[in-house]
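So the chains spell out like this:
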Amino acid sequence: MTRTEFLARIHERENLKRAVLNKIVLDKENRRCEFSLVTDLAYTPDDEKFAAEAVRAAVPDSLETSVKLAKLVADPQLVRHKITEYLAHNHRAAAAFVTAEDISVTQEGDTVKFTFGVDEEERSFFETREIIPGVVNMLESSFCNKFEGALEYKDKGDLPQEEPEADDDEPFDYRPPRTFKICNFEPIDFADVPKVATYMKDCTFRSNSLTVCGQIEFVQERVSQKGKPYLRFTVSDTTARMNFSYFIKKKTEEKIRALQKGDYIVCTGENEFFNDRLSFTARYVNRGTPPEGFVPEKLPSKAVPAHYKVVAPEKLTDYNQMNLFDRSVIPDCLKENTFVVFDLETTGLVNVPTGGKMDAITEIGAVKIIDGEIREKFTTLVNPERKLDDEIVRLTGITDDMVKDAPRIAEVIPDFYKFCDGCYLVGHNVQFDYRFIQYYAAQEEYAFEQKTFDTLAIAQSELFLKNYKLDTIADHYGIAFNHHRAWDDALTTAKIFIELIKAKKCLPNV
């Protein structure tokens, strides 16, 4: 099946009639391919199922398939960001003299037009390198519109351009809002029957036609200053809760007033800014529920930050271990992959919220193994925003005075996420620390999903020792260190990991 035939099949669905094929990712090792489709219309679970079946029919039976379907509208700000991002990655010289302010974006019907403001010298640069056709191809694989580009003269004078601030090229945090199918719909205040509801947690955008669905936690009748009765609802869909108002209409007054705590409702209305914050007002309220057994899908991670903001990695040269590793016996699996070996110090042992009040991180220590060598380090104290127990102070040597001026974990996580990007993660009893990282990263909407390797488990399979504590294994290899400080533990764990993989000659379960 050709690309054209595949898209013709996809376009048979009303909600996918303008969909584009954004990319195809082929995983040869696992014999799997993933199709990414973009539509500018709201889609349903049935549409996703249809797309999955079309992908399955287009791919040889020897490959497993999956499909990612996302709604993406050609908002001018997003189009402008896509263009600047494309130039930064593909035409760095052009990106140096064309800023976001030099790009105008307008829409005429189904066609989006973009214009670069350039002087005469820059015009020649754009034309000889055919930059505009490349931008058009990129945009038409990302959005469901037709695009046209042009150059427009702009007098930029002889003054040098100011250096852009570090934030100017940060990835634009666009993650399509998640939706779920509305079930058991019963009209009360009837309008068009909504098919899907947006997750309340994702209702962070303006809309004049937003639909949410959830269970009533609180409802109270009130009267406006003009004497008009309205209801004040608090509704939850398990991802978040929303507070909103609904003005009572005479024709539906009886049924609306019959709603009570515990009922499920579907609400469509406006999500607009009021006093500098988003506020939802329901125009229509009907009955309806999420799917039976509804489990929210995972929120996609924020993009990797473009810059380190609070904690930056440093080059590492460990003169005490210069002769520890013989390059001739470093296996290819270490040379061909990059690893971040990390360790944490915390206020206690509670690393999942179901275990009670979550303990806090007080220190992160990590090193990066590149080409089989330990080359970078990432280390910082973290303000736990609570008083440290005497036992923790005794064990780690970290005191309240040491952490009081340290960055909070919310400030550190984006930098650590960037440091770990594209790497395997390694630790000693790694899942214990990894659960802390995953929990606090999730609070900032970063998803740590890297494969991990545990030096404790590898040592148990490769060595015969009285126990497999970190200091016992370190003694076995003649490595001295200051135990119970994250940086020292991470460096020691990295050295142990290299020695274990040298002996094993391969990575576990890879």
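Rules of the game
Residues numbered from 1 in each chain as written. Predicted model: local features only at pLDDT ≥ 70, side-chain atom pairs only at ≥ 80, totals over all residues. Heavy atoms only, no water. Helix = DSSP H or I, 4+ residues; strand = E, 2+ residues; numbered from the N terminus. Buried < 20%, exposed > 50% of the residue type's maximum accessible area, 1.4 Å probe, protein only. Contact = heavy atoms within 4.5 Å. Areas by Shrake-Rupley, 256 points an atom, 1.4 Å probe, with all protein chains shown as cover. Lys, Arg positive; Asp, Glu negative; His and termini not counted. Charge placed at Lys NZ, Arg CZ, Asp CG, Glu CD. pLDDT = per-residue confidence, 0-100. Pairing = 2+ DSSP bridges. Axes fitted to C-alpha atoms, helices over the stretch in contact; angles between N-to-C directions. Phe/Tyr/Trp six-rings, centres within 6.5 Å; stacked < 30°, edge-to-face > 60°. Lys NZ or Arg CZ within 6 Å of the ring centre and 35° of its normal. Salt bridge = Lys/Arg side-chain N within 4 Å of Asp/Glu carboxyl O. Parallel < 35°, antiparallel > 145°, perpendicular 65-115°, else oblique. Left-handed = near helix turned anticlockwise from the far one by under 90°. Nonpolar A, V, L, I, M, F, W, Y, C, P; charged D, E, K, R; others polar.

The chain carries the name Exonuclease domain-containing protein in an unreviewed UniProt entry, which gives Candidatus Borkfalkia avistercoris as its organism.

Colleague: Before we go on, may I ask you to explain the overall build of the chain in this structure?
Modeller: Scanning the chain for helices and strands turns up 15 helices and 20 strands. Each of the 510 residues in the chain was classed as buried or not, and the buried ones make up 44%. Intrachain contacts of the chain at a sequence separation of at least 6 include 66% that bridge at least 24 residues. Carbon and sulfur atoms form 47% of the exposed surface of the chain, whose accessible area is close to 27,900 Å². One way to put it: in the chain the 67 positive side-chain charges average out to a point 5 Å from where the 86 negative ones average out.

Colleague: In this structure, what is going on with the confidence of the model for the chain? I would like to understand it.
Modeller: Any region with low pLDDT has predicted coordinates that should not be read closely. Across the chain, the average pLDDT comes to 87, with 93% of residues at or above 70. Every residue in residues 158-167 scores below 50 in pLDDT, and together they form 6 contacts with partners more than four places removed in sequence or on other chains.

Colleague: How should the sheet that holds strand S2 (residues 32-39) be read in this particular structure?
Modeller: Two pairing modes exist for strands in a sheet, parallel and antiparallel, and in both the strands are linked by backbone hydrogen bonds. Within the open sheet, the 3 strands sit side by side as S1-S2-S3. Their pairing is mixed. The sheet is open, and its two edges are formed by strand S1 (20-27) and strand S3 (64-71), each paired on a single side. Each strand of the sheet is rotated relative to its neighbour by a mean of 15°, with strand direction disregarded. Relative to S3, S2 is paired through 8 bridges, and the arrangement is parallel. The residue of S3 that forms the bridge with Phe35 is Val67. Against the sheet, helix H2 (residues 45-58) engages S2 and S3, with an angle of about 140° to S3.

Colleague: Please clarify how the packing of aromatic side chains should be interpreted in this entry.
Modeller: Two measures describe an aromatic ring pair: the distance that separates the ring centres and the angle between the ring planes. All told, the structure shown has 24 aromatic pairs when counted by the stated rule. Their ring planes at 25° and their centres at 5.9 Å tell us that Phe416 and Phe448 sit as a pair that is stacked. With a gap of 32 residues between them, Phe416 in helix H11 (residues 409-420) and Phe448 in the loop between helix H12 (430-443) and strand S20 (452-454) connect regions that are remote in the sequence. Here the two residues Phe416 and Phe448 agree in accessibility, since each one is buried. The ring of Trp487 carries Lys377 above its face, with NZ or CZ at 5.0 Å from the centroid. Sitting over the ring of Tyr308, Lys418 keeps its end group 5.4 Å from the ring centre.

Colleague: I tried to follow the sheet that holds strand S16 (residues 339-346) on my own but got confused; where do I start?
Modeller: Taken in spatial order, the 6 strands line up as S15-S18-S17-S16-S19-S20 in an open sheet, and their pairing is mixed. With one partner strand each, in any of the chains shown, strand S15 (314-315) and S20 form the two edges of the open sheet. In this structure, S16 lies alongside strand S19 (residues 424-427), joined through 3 bridges in parallel fashion. Across the sheet, Val340 pairs through a bridge with Leu425, a residue of S19. The strands that helix H13 (residues 455-462) touches are S19 and S20; relative to S20, the one it contacts most, it runs at about 50°.

Colleague: Can you walk me through the environment of Thr115 in this structure?
Modeller: With respect to the element layout, Thr115 can be found in strand S5 (residues 111-118). Along the chain, Thr115 and Gln438 lie 323 residues apart, while their C-alpha atoms are 42 Å from each other. When sequence neighbours within four positions are dropped, the list of residues in contact with Thr115 reads Asp102, Ile103, Ser104, Ala150, Leu151 and Glu152.

Colleague: Looking at this structure, how should I read the environment of Leu278?
Modeller: Take Leu278: it is sitting in strand S14 (residues 277-289). Under the relative-accessibility criterion, Leu278 is labelled partly exposed at 25%. In this structure, the C-alpha to C-alpha distance between Leu278 and Arg206, residues 72 residues apart in sequence, is 7.4 Å. Ignoring any residue separated from it by four or fewer positions in sequence, one finds Leu278 in contact with Cys203, Thr204, Phe205, Arg206, Asn271, Glu272 and Phe273.

Colleague: How do you make sense of the pattern of salt bridges when you look at a structure like this?
Modeller: A side chain with one charge can pair with a side chain of the opposite charge if their charged atoms come near. In this structure the tally under the stated criterion is 29 salt bridges. Measuring nitrogen to oxygen at the nearest pair gives 2.8 Å for the salt bridge that ties Asp202 to Arg178. Of this pair, Asp202 sits in the loop between strand S9 (196-198) and strand S10 (207-223) while Arg178 sits in the loop between strand S6 (146-153) and strand S7 (179-181); the two residues are 24 residues apart in sequence, bridging distant segments of the chain. Judged by relative accessible area, Asp202 falls into the buried class, the value being 8%. Lys315 is paired through a salt bridge with Glu376; the nearest N and O atoms lie 4.0 Å apart. Here Lys315 is found in strand S15, whereas its partner Glu376 is found in strand S18 (residues 373-381), with 61 residues between them in sequence. When its relative accessible area of 16% is taken as the criterion, Glu376 is described as buried. Within this structure, Arg18, Asp40 and Asp110 form a network of salt bridges that share partners.

Colleague: What's the story with the packing of helix H1 (residues 3-10) against H2 in this structure? I'm lost.
Modeller: The angle between the axes and the distance between the axes are what describe a pair of packed helices. Contact geometry of H1 with H2 gives a least axis separation of 10 Å together with a crossing angle of 155°. With respect to H2, the axis of H1 lies roughly antiparallel. Considering how the two elements wind past one another, H1 and H2 form a crossing that is right-handed. Every residue of H2 that contacts H1 at Phe6, Arg9 and Ile10 is listed here: Phe50, Ala51, Ala54, Val55 and Ala58. Its residues assigned to classes, the contact of H1 with H2 comprises 7 nonpolar, no polar and 1 charged.

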